[in-house]
Structures are given as C-alpha cells and as structure tokens.
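# Understanding the architecture of this molecule
Each chain, written out:
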Amino acid sequence: MPRPRIEVTGLGKSYGQVQALTDVSLQVGPGVVLGVLGHNGAGKTTLVDILATRSKPTSGTAKVCGWDVARFGHHVRRHIGMTSQFTSVDDTMTGRANLMLVARLLGASRKQADDRAEELLTSFDLTEAADRKAATYSGGMRRRLDLAVGMIAGPDVLFLDEPSTGLDPVSRSGLWDLVEKLAKDGTTIVLTTQYLEEADRLAHDIVVLAGGHVVASGTPERLKAGIGQRTASVRFPDARATHYAVGVLGYAGMTPLADFGICAVQIPLAEPGDIALLVRALDSAGLPIMDLTVTEPTLDDVYVALHRAAQEKAAQVVGQTA
Ligand SMILES: Nc1ncnc2c1ncn2[C@@H]1O[C@H](COP(=O)(O)OP(=O)(O)OP(=O)(O)O)[C@@H](O)[C@H]1O
C-alpha cells in the first residue's frame, strides 16, 4: 500500500480559550480527494492552515509527504500547492505572465518557466486566452488560471478552498473535470467546501467537522448509507385509492405518509427488499399505481442529520451544566 501523503494523529489547536480543533486523526493517500465539510467555525481552515504550515498545532502531529509540518515546514512547502476563493491572480498581467512570474519566484529559469506556463495553459484550456490580461477573463477562466498557478510546482498535495464558488454550472462542471484529472494523475487533493454536491462529485473520502471534532468520516456512499434514508413516493388516481393504500401499506408493516391533496404516499425504505414488498402489497390489493419514484439519500441529508445531532449534544451539555 502506498504511504499516505497526509497523516494526522490526535491533532489539536487552541487559540487561547477557543478550542478550534480537538483530537483530529486522518490519513489521505496519493490521488485521493479528501472533502473537508463543516459549518462556519467548524475548524476547516484551522486544519488546512496547519497542514499547509501556516499555523502550528498545539497538540498531536501532522505529516505531509512524510514531513512533520511543525518541524519541517520548508520541506512540506516544497510538496504542496494552494488555491483559495480569493484568487492569487494579478489582473493587470496576462495569464501566461501570471504563470511565468510564479514559476520564476519558485526558482525556475526563464526557459523552464516558459515551458511550464505553456504546459499548464494547455492542460487548463487557456491557450487562446494566454496573452490577454486576466482582468478580461470570465469567472471560470480565472478559477482555471488560479488552479494552474497552484499546480506550477507540480505539488503532491493541493489544497482547494471552495473551488467552484460563484461559477456557472458549465464552468463548474469543467473545473470539476480538471480536479478529477489532477487526482487521477496522482495529486492528493484536500477540498474544503460548503457545497455538498461538490463533495459528493469529487471526494473519495470525507471528514465532517463540527466544533473542531471529526463527527463523521468515510466515503460519500458509506455516509449516505449510514445516515440517509431511501424513500419511495407513489401516486394514485384519486383520494379514495390513496386512503386505501395507506391502510394496505400500514398492514404490510410500513409507515406511509399521505398527501391527499396530490394523491401521493411517501414510504421510508428501511430494507433493500422493501420496494418489492411495497409493489406486491399494492398490486395484491388491486390498487393502480400512477407513478412510483425512489429518492436516494444525498450528502445534504447526512449533513443535516449530523448538524442536528451536534446541536442536540451541545444542548444536552448546556442542560447538564446549568
Ligand atoms: N486566529 C484566531 N484567533 C482566535 N480564534 C480563532 C482564530 N482562527 C480561528 N479561530 C476560531 O476557531 C474556530 C474554528 O475556525 P475556522 O476558521 O477553522 O473554522 P472554519 O470551519 O474554517 O469556518 P469558515 O467556514 O467560516 O471559514 C472558530 O471558533 C474560530 O472563531
């Protein structure tokens, strides 16, 4: 098994009285996209700042590419790239000049910087706009240029902070394709985002932070299967059939929830066989099904459930100490 690019063990960070992170442990391998989710103030930035050597932990350890971030920051910085919501692009310069400037600052010769800029302009689909000032770029182009700047040194680990904020759906989808390609080529990506759809599409692994603690972790599929609920929605021709269906489904051991106004019944599906049971029960009762849809749980469901649980826990603690 390849060595993890990021290894975090019992990480904690306090700012005076504020405990921003508590006992965070995680590992991220090469080519893996880790989605870091959490509400405002959950500790996402604190975690990324420590991994990117912008801040030191107060307890525990974090290693990036084998280097302890607190002791060997200069080595860590040689392996990482960053992009943020506030782009690092200089508007007054062309896309090419932006890339060349950063490459030169990182120590490349003029020829090396020129070659790297050309390579990145091609990969990030910016060749045609290469010699235009960045001020004339669309939001999607700027974000692609920002990503290209973050990739100049060919980092093993890239930190992406809400990469698709403010982008239209087409630009966002293009950006997601690029991020997926970077991961396929082996770059480890730490993606902090509030967009669950973004995490669902890009992340191989997710950690959810709340109050500085990891409250859930795993693949998006595992999180959804563990917390979310599949639901069937069945439409009937009229209110009479809907009433009858509620009785039939209740008798079959289900918990139907009816909306008589639209002649529909919603049924939570707890077991994999429930959908067959549902159809058999309705069919045996001679009830005509006008429409049947099954809604899969989303990361939003997981997130809302976790947030609610964290709030309830906090309320209990307040109740106990009052
Ligand atoms: N420099 C600081 N001094 C004091 N407290 C801080 C500092 N930086 C962060 N905090 C506190 O630490 C906690 C975690 O903040 P952090 O910025 O990591 O959260 P976040 O999840 O990134 O939030 P957001 O989504 O709003 O960026 C918050 O309570 C915040 O107020």
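The protein is annotated in an unreviewed UniProt entry as ABC-2 type transport system ATP-binding protein from Actinokineospora iranica. Quoted verbatim from the Subcellular location (unreviewed entry) field of the UniProt record, the comment on the protein reads "Cell membrane".

Interhelical geometry of helix α3 (residues 95-105) versus helix α4 (residues 110-123) gives an angle of 130° and a closest axis separation of 9 Å. Regarding the angle of α3 to α4, the classification is oblique. Judged by the sense of rotation from one axis to the other, the crossing of α3 with α4 is right-handed. Residues Gly 95, Arg 96, Leu 99, Met 100, Ala 103 and Arg 104 of α3 pack against Gln 112, Ala 113, Asp 114, Arg 116, Ala 117, Leu 120 and Leu 121 of α4. Within the contact of α3 with α4, the residues separate by chemical class into seven nonpolar, two polar and four charged.

Take Thr 255: it is sitting in the loop between α9 (239-251) and β12 (257-259). Thr 255 sits in the exposed class, given 10 other C-beta atoms within 10 Å. Sequence separation between Thr 255 and Pro 268 is 13 residues, and the spatial gap between their C-alpha atoms is 7.0 Å.

Domain annotation for the protein reports domain 1 (6-219) and domain 2 (229-295). Distance between the C-alpha centres of domain 1 and domain 2: 46 Å.

Our focus in this paragraph is the sheet that holds strand β7 (residues 157-161). Strand order in this open sheet of six strands is β6-β7-β8-β3-β9-β10, and the pairing throughout is mixed. Edge strands, defined here as strands with exactly one partner in the open sheet, are β6 (80-83) and β10 (213-218). Strand after strand, the sheet turns through a mean of 15° between neighbouring axes, direction not considered. The strands touched by helix α1 (residues 44-51) within the sheet are β3 (33-37), β7, β8 (188-192) and β9 (205-210), with β8 carrying the most contacts at an inclination of about 150°. Sitting on the sheet, helix α6 (residues 169-184) touches β3, β7 and β8, and the angle it makes with β8 is about 145°.

Looking now at the site of the ligand. As a structural note, the neighbourhood of the ligand is formed by Tyr 15, Val 18, Ala 20, Gly 38, Asn 40, Gly 41, Ala 42, Gly 43, Lys 44, Thr 45 and Thr 46. For the shell around the ligand, the elements supplying multiple residues, two or more each, are β2 (18-28) and α1. In terms of residues, the shell around the ligand owes the most to one element, α1, which gives three residues. Class assignment for the residues of the shell around the ligand results in four nonpolar, six polar and one charged.

The rules behind these values
- Residues numbered from 1 in each chain as written.
- Predicted model: local features only at pLDDT ≥ 70, side-chain atom pairs only at ≥ 80, totals over all residues.
- UniProt positions renumbered as here; feature names shortened; annotations may be inferred.
- Axes fitted to C-alpha atoms, helices over the stretch in contact; angles between N-to-C directions.
- Helix = DSSP H or I, 4+ residues; strand = E, 2+ residues; numbered from the N terminus.
- Parallel < 35°, antiparallel > 145°, perpendicular 65-115°, else oblique.
- Left-handed = near helix turned anticlockwise from the far one by under 90°.
- Contact = placed C-beta atoms within 7 Å.
- Nonpolar A, V, L, I, M, F, W, Y, C, P; charged D, E, K, R; others polar.
- Buried ≥ 20, exposed ≤ 12 C-beta atoms within 10 Å, placed from the backbone.
- Domains from an automatic or database assignment.
- Pairing = 2+ DSSP bridges.
- Near = placed C-beta within 6 Å.

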